[in-house]
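Coordinate inspection notes
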Amino acid sequence: TLTNGVFTVAEIVHIDQEYSKEDLHRWAATVETGDNHPLARAVTQSFTKCVASFAGTDGLAELKYFKREGRSGVHGMVERKHVGVGNDQFLETMSIDPPPEAEAAFNRFREQGAGLYVIVDDEVAAVMHLCDTLCDDAADTVRTLRESLNVLPVMLTGDNGIAAKRIADEVGINQTNVHHDLLPKDKAYWISVYTHGTIPADRDFQVAVQT
């Protein structure tokens, strides 16, 4: 991989002053115990400082009625509050309009890595900035593949387009060979295209890329 794959919470922008930043952090960390995505684990670990934590332990609250909204976010009841954590698509799903300050922070964080909204009772209460770091040898490895081995470097990632293209620029991968927001079956599609020059017969692969 090009990055170390270890996300950290670099910043939390406090939007709703009705709640303390510590409570918002704790509530977000509690909700994220229900998800196993790397970003979710990073949010929980940033609060508990533990490798693995569960709701109701390590200073976290109890979590009830947990629900995942596709790949965009999660939400549940925490200390009688409806708490959610997710991206901009998550807010659309929940029919929540972010205030300008929150939207600006989210867009800035997305350019630098990843941004997550924290909602409380259907209002944006905070925005989190999560970041990953490049492997020390990433750029040199890509250069060796391209220049010494005559191998075409291609990026296949589930990350958003802004973050993916930023990493590609840093390591020297052509933007036309960057494919982002991919599910595992989407990656299988592109691997088949690049290695065999063919489109898999499975219609799911075709739909995943065309829609």
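To start, this report covers the structure provided alongside it. (Residues numbered from 1 in each chain as written. Predicted model: local features only at pLDDT ≥ 70, side-chain atom pairs only at ≥ 80, totals over all residues. Heavy atoms only, no water.)

**Observations regarding the nonpolar core**
Test applied: What makes a nonpolar core is a set of buried Ala, Val, Leu, Ile, Met, Phe, Trp, Tyr and Cys residues whose side-chain atoms join them at distances within 4.5 Å. Any residue under 20% of the maximum accessible area for its type is buried, any over 50% is exposed, and the rest in between are partly exposed; the area is computed with a 1.4 Å probe on protein chains only. In DSSP terms, a helix is any run of H or I states spanning at least four residues, a strand is any run of E spanning at least two, and both are numbered starting from the N terminus. Here, two residues are considered to be in contact whenever any of their heavy atoms come within 4.5 Å of each other.
Ranked by size, the top nonpolar core spans 24 residues in total, and within it Leu24, Trp27, Leu116, Met128 and Leu130 carry the most contacts. Those elements that provide at least two residues to this core are strand E1 (8–14), helix H1 (21–32), helix H2 (38–48), strand E3 (73–78), strand E4 (81–86), strand E5 (114–120) and strand E6 (123–131). For Leu116, the contacting residues outside a window of four places in its chain are Glu32, Leu39, Val43, Val85, Gly86, Asn87, Phe106, Ala126, Val127, Met128 and Leu130. In terms of nonpolar packing, the next biggest core, distinct from the first, is built from 14 residues, Val13, Ile15, Leu91 and Met94 among them.

**Some thoughts on helix H6 (residues 161–171)**
Worth spelling out the cut-off: The arc under discussion is defined with respect to the helix axis, by the directions toward the C-beta atoms.
For H6, the set of buried residues is Gly161, Ala163, Ala164, Ile167, Ala168 and Val171. For H6, the arc enclosing every buried residue in end-on projection is 165°, short of the 170-degree limit, so these residues lie on one face. Tucked into the core, H6 has its buried residues touching helix H4 (100–112), helix H5 (138–148), strand E7 (155–156) and strand E8 (178–179). One or two positions beyond H6, positive phi appears at Gly172, with a value near 90°.

**Re the sheet that holds E1**
Strands in a sheet are paired, the pairing made by backbone hydrogen bonds, and the direction either parallel or antiparallel. Selection criterion: Being paired, for any two strands, means DSSP has found at least two bridges between them. Fitted lines through C-alpha atoms give the axes, limited to the stretch in contact for helices. The angle between two N-to-C directions lies from 0 to 180 degrees.
Read across the open sheet, the 6 strands follow the order E1-E6-E5-E4-E3-E2; overall the sheet is antiparallel. Each of the sheet's edge strands pairs with one partner strand only, and the pair in question is E1 and strand E2 (64–69). Within the sheet, the average angular offset between the axes of one strand and its neighbour, ignoring direction, is 20°. Pairing of E3 with E4, which is carried by 6 bridges, proceeds in the antiparallel orientation. When the sheet's bridge partners are listed, His75 is paired in E4 with Gly84. Packed onto the sheet, H1 meets E1, E2, E3, E4, E5 and E6 and runs at close to 110° relative to E3.

**Section: the environment of Thr3**
Summarising the element assignment, Thr3 is placed in the segment before E1. Spatially, the C-alpha atoms of Thr3 and His179 are 16 Å apart, while their sequence positions differ by 176 residues. Non-local contacts of Thr3, meaning those with residues more than four positions away in its chain, are made with Asp132, Thr133, Leu134, Cys135 and Ile167.

**Some words on the environment of Glu22**
Its location among the elements puts Glu22 in helix H1. For Glu22, a relative accessible area of 57% puts it in the exposed group. It is 8.9 Å that separates the C-alpha atoms of Glu22 and Phe47, two residues lying 25 residues apart in sequence.

**Things to note about the state of the cysteines**
Covalent bonding between the sulfur atoms of two cysteines defines a disulfide. Using the following cut-off: Count a disulfide wherever a pair of cysteine sulfur atoms falls within 2.5 Å.
Applying the stated criterion to the full structure yields 0 disulfides. For Cys135, which is in no disulfide, the shortest distance to another cysteine sulfur is to Cys131 and amounts to 14 Å.

**A few points about the packing of aromatic side chains**
We apply this condition: Any two rings among Phe, Tyr and Trp, with Trp reduced to its six-membered ring, count as a pair given centres within 6.5 Å; such a pair is stacked if its planes are under 30 degrees apart, edge-to-face if over 60, and tilted if neither.
Applying the stated criterion across every chain, the model contains 4 aromatic pairs. Summarising the aromatic geometry, the rings of Phe106 and Tyr117 are spaced 4.6 Å apart at their centres and angled 15° between planes, so their arrangement reads as stacked. Remark: Tyr117 occurs in strand E5 and Phe106 occurs in helix H4; sequence separation between them is 11 residues. Assigned by exposure class, Phe106 and Tyr117 land together as buried. Taking the centre distance of 6.0 Å and the plane angle of 40° together, the rings of Trp190 and Tyr194 count as tilted. Of the two residues, Trp190 and Tyr194 are both situated in helix H7 (residues 184–196); the distance of 4 residues between them amounts to about one turn of the helix.

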